[in-house]
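Residue-level structural notes
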Amino acid sequence: MALNTTTSSIDVVIVVYLSGAIFFGEESASLRFLVKASLNKSHQIVLDLGEVTHIDSGGLGTLVGLYASARKIGGDIKLARLGRRAKEVLHITRLVTVFDVFDKAEDAIASFKKAAAAT
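Because the structure is a prediction, the values reported are computed rather than measured.

Taken in spatial order, the five strands of this open sheet run 1-2-3-4-5, and their pairing is mixed. The open sheet is flanked by strand 1 (3–10) and strand 5 (100–102), the only strands paired with a single partner. Taken over all neighbouring pairs, the strand axes of this sheet differ in orientation by 25° on average, direction set aside. Sheet topology places strand 4 (residues 76–80) next to strand 5; three bridges connect them, and they run parallel. By the bridge assignment for strand 5, leucine 79 is matched with valine 101. The strands touched by helix 3 (residues 84–92) within the sheet are strand 3 (44–55) and strand 4, with strand 3 carrying the most contacts at an inclination of about 105°.

Encoded structure:
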């Protein structure tokens, strides 16, 4: 099962919409490449996981690695619309405590604006 991605830019936030599976290998590599390229344009990224059907340990590792890369350059990656499987895996691994998770991509985008207004 392939991983499909589309991106959109809302204000200065880049939203990456994911559908399919995030597995170790080609899917993780393509996601890593896409998000790292996006981080060159904006340090504010939202990953919309609403259509992700499967995620394995390699996929989780990719998400954590991307989060670390973003933080290293002063950016942030937030997650939105976790599907049942993604939510379950993030809770089991306690990664839900690492990422900011939102019900909708719009809420994640708004949280970037709120954080900027508070500084």
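The structure having been displayed, the exposition proceeds.
Moving on, we get to unusual backbone geometry. Positioned with a positive phi, arginine 81 is a non-glycine residue whose angle comes to about 50°. Residue arginine 81 is classed as partly exposed on the basis of its relative accessible area, which comes to 32%. One non-glycine residue, arginine 94, lies in positive phi territory at about 65°. With respect to the helices and strands, the residue arginine 94 is situated in the loop between helix 3 and strand 5. Judged by relative accessible area, which is 63%, arginine 94 ranks as exposed.

Rules behind the numbers
- Residues numbered from 1 in each chain as written.
- Predicted model: local features only at pLDDT ≥ 70, side-chain atom pairs only at ≥ 80, totals over all residues.
- Heavy atoms only, no water.
- Pairing = 2+ DSSP bridges.
- Helix = DSSP H or I, 4+ residues; strand = E, 2+ residues; numbered from the N terminus.
- Axes fitted to C-alpha atoms, helices over the stretch in contact; angles between N-to-C directions.
- Contact = heavy atoms within 4.5 Å.
- Buried < 20%, exposed > 50% of the residue type's maximum accessible area, 1.4 Å probe, protein only.

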